[in-house]
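# Structure at a glance
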Amino acid sequence: MSTQVPRLFAALVDDAAVFPPGSAPLAEAVAAHRRHRTAWYADLVGPLLVPASALPELPKLLDEDERIDVGVIGDVPIPALYPLRDRVDPRVRIRQVEAAVGKRGEDPHPGLAALTGLPAHLDDADVYAEIPLTWGLLAALDRLARERAAGKRIAPKFRTGGLAAELFPTPVELAAVIGACRDRQLPFKLTAGLHHAIRHIDPETGFTHHGFVNVLAGTAAAYEGAEVPEVTELLAATDPLPLVEAARSRREQDRPLWTGFGSCSVLEPLTDLVRLGLVNGGFEQ
């Protein structure tokens, strides 16, 4: 672990460069990820996220002796994800698989049933079920908790932003989800809308975005026993000082519950961490 990236932020940001709003071509994303993995801030960066349909193209972009860790986003039917390991180039290591198991307003259980066979097949891969924040959520979390208790490496993933206002959960909604995961000892992943450290309004869209340092503080508080009102207050805060102090005091601890988030930009979260004094580094290194 680098002394410049504290343990709290290890593998916090998965590289989602090929996904909106960045939408980088795969070749550009692979080249940029290669630079991230050799940079001074490499410990901050998780795997490169790629659509399942793009996996056949990925080996063509690698050097002969190069290895790459990827997270596979299921843009194909869930049953089509099962043979992934058998047909992927050995230079490509699948670290995680993510798939949506229901749309907003739908019962996610049929998708969960289809997804739960993946962990045994993919050996050391973590599997994330993207669950909509709607009715059926708690029952879905109960099911995931049972699967984990049976030894499967499966966990929930939640969307915290997107191209429409309704895709941004309120602070109380997100706090309730964090508490529900805490109560079930479920790690979770987030995606979308978390490029910046502190809660803010995007001047282009007018949408209020969650801050990832808010989420760090809120999740840590929940893990230590805080209930929904206190976690909500941390998620809704816009004053960086108490949030930064909450993160700073835990810099050398493992991150509880929250495994991280996907971002189409690695440098935006990094820049915020440097500016807030939470990561010791600079872009000149």
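Above this note sits the structure.
This report concerns the structure included in the present document. Along each chain, the written sequence defines residue order, and numbers are assigned to residues from 1. Local features in this predicted model are restricted to residues whose pLDDT is 70 or higher, and side-chain atom pairs enter the listing and the counts only when it is 80 or higher, whereas totals over whole chains, interfaces and linings include all residues. Heavy atoms from the whole structure form the basis of all side-chain values; hydrogens and water molecules are not counted.

### As for the pattern of salt bridges
For salt bridges, the criterion is a side-chain nitrogen of Lys or Arg within 4 Å of an Asp or Glu carboxyl oxygen. What the rule picks out here adds up to 18 salt bridges. Residue Arg7 pairs with Asp254 through a salt bridge whose shortest N-O separation is 3.8 Å. Of this pair, Arg7 sits in the segment before strand 1 (13-15) while Asp254 sits in the loop between helix 9 (240-248) and strand 10 (258-263), and the two are 247 residues apart along the sequence. A relative accessible area of 55% means that Asp254 is categorised as exposed. Only DSSP runs of H or I with at least four residues qualify as helices, and only runs of E with at least two residues qualify as strands; both kinds are numbered from the N terminus onward. Buried residues are those whose accessible area, probed at 1.4 Å on protein chains only, stays under 20% of the maximum for their type, while exposed residues exceed 50% and partly exposed ones sit between those limits.

### Quick notes on the sheet that holds strand 5 (residues 126-130)
Strand pairs in the sheet, formed through backbone hydrogen bonds, run parallel or antiparallel to each other. If you walk around this closed barrel you meet the eight strands as 1-2-3-4-5-6-7-10, and the pairing is parallel. Between one strand axis and the next, the sheet turns by 30° as a mean value, whatever way the strands run. Contacts from helix 7 (residues 212-223) reach strand 7 (188-191) and strand 10 within the one sheet, and its direction differs from that of strand 10 by about 170°. Pairing between two strands is assigned when DSSP locates at least 2 bridges connecting them. Note on geometry: axes are C-alpha line fits, over the in-contact stretch for helices, and angles between N-to-C directions span 0 to 180 degrees. The contact rule is simple, with two residues in contact once any of their heavy atoms fall within 4.5 Å.

### Details of the layout of surface pockets
Two kinds of site are reported from a 1 Å grid over the protein atoms alone, namely cavities, where a 1.4 Å probe fits but cannot get out, and pockets, open sets with protein on both sides within 12 Å along at least five of seven lines, and residues are called lining when an atom falls within 4 Å of a point. Grid points are joined across faces, edges and corners, and a volume is the space filled by probe spheres set on the points. Of the volumes computed, that of the largest pocket is approximately 920 Å³. Along the walls of the largest pocket sit 37 residues, with Pro20, Pro21, Gly162, Ala192 and Gly193 positioned nearest its centre. Elements with a contribution of two residues or more to the lining of the largest pocket: strand 2 (45-51), strand 4 (92-100), strand 6 (154-159), strand 7 and strand 10. If you tally residues by element for the lining of the largest pocket, the top one is strand 4, at three residues.

### What to know about unusual backbone geometry
Put simply, Pro20 and Pro21 share a cis peptide bond, and its omega is 0°. Locating Pro21 in the fold gives a position in the loop between strand 1 and helix 1 (26-38). Positive phi is not limited to glycine here, since Ala192 has a value of about 80°. Not every positive phi belongs to a glycine, and Leu257 is a case in point at roughly 65°. When you line up the elements, Leu257 lands in the loop between helix 9 and strand 10. What makes Leu257 buried here is its relative accessible area of 14%.

Keep in mind that these numbers describe shape and distance, not what the molecule does.
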